[in-house]
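Structure assessment
Here is what each chain is made of, one letter per residue.
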Amino acid sequence: MSKDAGPGQPRVVLVDDHAMFRAGVRAEIGSGLDIVGEAASVAEAIAVIRHTAPDVVLLDVHLPDGGGPAVVAAVLPELPDTKFLALSVSDAAEDVITVIRAGARGYVTKTISGADLTDAIRRVADGDVVFSPRLAGFVLDAFRDGGGPGGAVTSTDPELDQLTPREQEVMRLLARGYSYREIGTELFISVKTVETHASNVLRKLQLSSRHQLTRWAADRRIV
Amino acid sequence: MTTPLSTEPSSVEPQQAPRLYRNVRGRVLGGVAGALADHLGVRRSLVRLAFVLLAGSAGLGVLLYGAFWIVLRTRAEDGTESSARYAVQYLIAAVAVVVLLINLHTLPLGWWFVPSLLACFGGALLWRQASETERERWRRLSSSSLAVGATDRIGWLRIIAGVTLVLAGALFILARAGISAAGAGLAAVLVTAGGLALITGPWWLKLMRDLSTERRERIRNEERADIAAHLHDSVLQTLALIQRSADQPREVARLARSQERELRTKLYGGGVPNGQFAAALQAAAAEVEDTYAITVDVVVVGDHPMNARLDALVAASREALVNAAKHAQVTSVSVYAELAEDGASVFVRDRGSGFDPDRIDPSRQGIRGSIVGRLQRQQGTASIRSSPGQGTEVQLRVELE
């Protein structure tokens, strides 16, 4: 599924407060990617990212002096081309949503394999989004209030961008564990279209009202 | 208190010199006379008679009896008494007080006698109200309010009666000294109380703060001990097991996976069977994970309380998972469940070897009986999409009312 990474390898900065974990990630993905910096805290991460201007920041959601969202919020206005991929041991809805809202373009958990992580970084560097099935499940959960499967999705918040039926279909297949390519085959659309749908969902997620997010997070505390 | 004292009046003295204990069994009033009789080795009736005679001489017997009543302890094993018993006691005490009051003018000891007596009774009631351990606490901390012992109705009655008696005694003294003096005395008391509060206030506050700090500290320590116990029982044991089976990757993965799930459940909650579909499905998936050393990614959208149809759905999903674990030759299987008002769907999907669903041996019961048949009995449907090399997806659905 890995696409052409463009000229050269994506330049990556690792942000994680555990040195052991950074070393492990470096060993796993270092051969296929160009790791240009590491950081263990929010302040350090901001400094390193400013200095190196990487393509992708692999960002831990929980950091001692703040969190991944703080890094994204501080860096993104200055370096809008930097892509953030959240990498966390937590797949709780609140963590996922906070960092996606801040502007991250993907979210993977730390149980991911080295090959999958490399692939995810490449895709994020290309401008795609990376979803886990579980995150797709969160999305469906949030948007399905009052709507049956296959039926029109309604929301209690009229301001909210709504998922189109097609986007909902993509989410459902993603949550069922289909890859983008398999979804494309299933729905007779191209992989690029699947990725567009996924991107739209992510964008809508960022734009969703605070009310909806609060309720969502409260409803989905359970991992 | 190792040798129980006999409560018989004529009993032989035990070997140890006995401490004085008020007898609760077989007593008339407070058990003081019985205690003295036992201690001195004389008949109870004699002791009682002596008290009555002394009471005649300016109430000395009553004062003595009250003093003994306050000071002497009851035995621990005699602690249970019926409230009817208390009622009789207080009736007798009340009659005694009334008789004393009626004969007030005949008493020779002057105006201070009755008030003092009332105050003594009140104090005795309050003091007796506290149990032995509470009295200890009063002495040690003097921090609790007087309401310590008031855990039941009788306790409250006692406290109210005690306070009333004490106040009555004090007012009596003031009233005897003249109405104007009563006002002045009251003012004096208030001023004194205010002064005392000012002086001792900081000390009280500090005491309270220390107590709450101590309580918080204790709770924190208990929590720490709880976490340490849990880490010991689960994480450390698992790590030890992993060290011992380091050459068996599947076993290591299985141990790590189950440990991760357990910690996750402890940290974030969820996964604990609570009669809801999502938890039941997650529990079934966890069981298959542990049994077959594969990873099962569960995504559940929506939730619903369990019923017979969802039971069947969970059981069928479990069977589909087991099939995938056994035959698909994969390390991970994904499960997606979606619940809406009208129906529940589960998709169990693997990217394994796959097979041709039309060519299953008819003698095999796994799919036909455990999945399709089970759901058909609940008006549900099951279908399998698979082809060799393309993996398998089992689609399960039941209607919900």
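This one's a predicted model, so the numbers in the text were calculated from it and none came from an experiment. (Residues numbered from 1 in each chain as written. Chains lettered and ligands numbered in written order. Predicted model: local features only at pLDDT ≥ 70, side-chain atom pairs only at ≥ 80, totals over all residues. Heavy atoms only, no water.)

**Notes on the overall build of chain A**
Looking only at helices and strands, one finds 10 helices and seven strands in chain A. Residue burial in chain A is summarised as follows: out of 223 residues, 52% are buried. Partitioning the contacts of chain A with sequence separation of at least 6, the portion at a separation of at least 24 is 65%. (Helix = DSSP H or I, 4+ residues; strand = E, 2+ residues; numbered from the N terminus. Buried < 20%, exposed > 50% of the residue type's maximum accessible area, 1.4 Å probe, protein only. Contact = heavy atoms within 4.5 Å.)

**Regarding the overall build of chain B**
When helices and strands are counted, chain B shows 12 helices and seven strands. For chain B, with 401 residues in total, the buried portion stands at 33%. For chain B, contacts bridging at least 24 residues in sequence account for 64% of all contacts bridging at least 6. Accessible surface, chain B as shown: approximately 23,400 Å² in total, 62% of it carbon and sulfur. (Areas by Shrake-Rupley, 256 points an atom, 1.4 Å probe, with all protein chains shown as cover.)

**A closer look at the nonpolar core**
Counting residues in hydrophobic clusters, the biggest one holds 53 residues, and the most contacted among them are Val71(A), Phe84(A), Phe131(A), Met171(A) and Ile183(A). Ranked by the residues each element gives to this core, the list is headed by helix H6 (residues 133-143) of chain A, at seven residues. Leaving out residues up to four positions away in the same chain, Ile183(A) has contacts with Val170(A), Leu173(A), Leu174(A), Tyr178(A) and Val194(A). The next biggest cluster of nonpolar side chains, apart from the first, holds 36 residues, and it includes Phe277(B), Ala278(B), Ala316(B) and Leu400(B). (Core = buried A, V, L, I, M, F, W, Y, C linked by side-chain atoms within 4.5 Å.)

**So, the packing of aromatic side chains**
Per the stated rule, a full pass over the model turns up two aromatic pairs over all chains. Centroid distance Tyr336(B) to Phe347(B): 6.1 Å. Interplanar angle 20°. Geometry classified as stacked. Placement of the pair is Tyr336(B) in strand S4 (residues 332-339) and Phe347(B) in strand S5 (residues 343-350), with a sequence separation of 11 residues. Given the relative accessible area of 11%, Phe347(B) is considered buried. Positioned over the ring face of Tyr180(A) is Arg123(A), at 4.5 Å from the centre of the ring. Looking at Arg176(A), its charged tip hangs above the ring of Phe347(B), at a distance of 3.6 Å from the centre. (Phe/Tyr/Trp six-rings, centres within 6.5 Å; stacked < 30°, edge-to-face > 60°. Lys NZ or Arg CZ within 6 Å of the ring centre and 35° of its normal.)

**Structural notes on the pattern of salt bridges**
Residue and element names in this part refer to chain B. All told, the structure shown has 22 salt bridges over all chains when counted by the stated rule. Notably, a salt bridge pairs Arg 257 with Glu 260, separated by 3.9 Å at the nearest N-O pair. Pair noted here: Arg 257 and Glu 260 are both in helix H9 (residues 249-268), with a separation of three residues, about one helical turn. As a salt-bridge pair, Asp 342 and Arg 397 come within 3.9 Å of each other at their nearest N and O atoms. Here Asp 342 is found in the loop between S4 and S5, whereas its partner Arg 397 is found in strand S7 (residues 392-399), with 55 residues between them in sequence. Among the residues examined, Arg 397 registers a relative accessible area of 23% and is labelled partly exposed. Each of Arg 257, Glu 260, Arg 261, Glu 289 and Asp 290 takes part in one network of salt bridges that share partners. (Salt bridge = Lys/Arg side-chain N within 4 Å of Asp/Glu carboxyl O.)

**Here we look at helix H10 (residues 277-292) of chain B**
Residues and elements named next belong to chain B. In a regular helix each residue adds 1.5 Å, so 16 residues correspond to 22 Å; H10 covers 23 Å between its end C-alpha atoms and thus fits that length. Among the residues of H10, Phe 277, Ala 278, Ala 279, Ala 280, Leu 281, Gln 282, Ala 284, Ala 285, Ala 286, Val 288 and Glu 289 are the ones counted as buried. Downstream of H10 by a residue or two, Ala 293 has a phi angle that is positive, lying close to 55°. (Expected span 1.5 Å × (residues − 1).)

**As for the pairing of strand S3 (residues 295-301) of chain B**
Residues and elements named next belong to chain B. Counting buried residues along S3, five of its seven residues qualify, which places the element largely inside the surrounding structure. In this structure, S3 lies alongside S4, joined through seven bridges in parallel fashion. Paired with Thr 295 across the strands is Ser 332, a residue of S4. Chirality of the crossover, the property in question, places the unit of S3, helix H11 (residues 308-327) and S4 among those that are left-handed. (Pairing = 2+ DSSP bridges. Right-handed = clockwise from strand over helix to strand, strands pointing away.)

**With respect to the packing of H6(A) against helix H7 (residues 165-175) of chain A**
Residue and element names in this part refer to chain A. Taken N-terminus to C-terminus, the directions of H6 and H7 make an angle of 140°; their axes are 7 Å apart at the nearest point. With respect to each other, H6 and H7 are oriented oblique. The way H6 lies across H7 gives a crossing that is left-handed. The segment H6 lies against H7, with Pro 133, Ala 136, Gly 137, Val 139 and Leu 140 engaging Gln 168, Met 171, Arg 172, Leu 174 and Ala 175. Grouping the constituent residues of the contact of H6 with H7 by class yields seven nonpolar, two polar and one charged. (Axes fitted to C-alpha atoms, helices over the stretch in contact; angles between N-to-C directions. Parallel < 35°, antiparallel > 145°, perpendicular 65-115°, else oblique. Left-handed = near helix turned anticlockwise from the far one by under 90°. Nonpolar A, V, L, I, M, F, W, Y, C, P; charged D, E, K, R; others polar.)

**Some details on the pairing of strand S1 (residues 11-15) of chain A**
Residue and element names in this part refer to chain A. Taking burial as the measure, the five residues of S1 include four buried ones, the bulk of the element. By the bridge criterion, five bridges tie S1 to strand S2 (residues 34-39) in an arrangement that is parallel. Within the sheet, the bridge partner assigned to Leu 14 lies in S2 and is Glu 38. Note that the unit made of S1, helix H1 (residues 19-29) and S2 has a crossover that is right-handed. With four bridges joining them, S1 and strand S3 (residues 56-60) adopt parallel strand pairing. Bridge pairing in S3 places Val 12 opposite Val 56.

**A word on the confidence of the model for chain A**
Residue and element names in this part refer to chain A. Summary statistics for chain A give a mean pLDDT of 77 and a share of 80% for residues scoring 70 or more. Element-level mean pLDDT values for chain A span from 52 in helix H10 (residues 210-219) up to 91 in S1. Predicted confidence is poor over residues 1-6, with pLDDT under 50, and the contacts of this stretch with residues over four places away or in other chains come to 15 contacts. Here residues 146-160 is modelled with pLDDT under 50, and outside its nearest four sequence neighbours on either side it reaches 28 contacts, counting other chains as well. (pLDDT = per-residue confidence, 0-100.)

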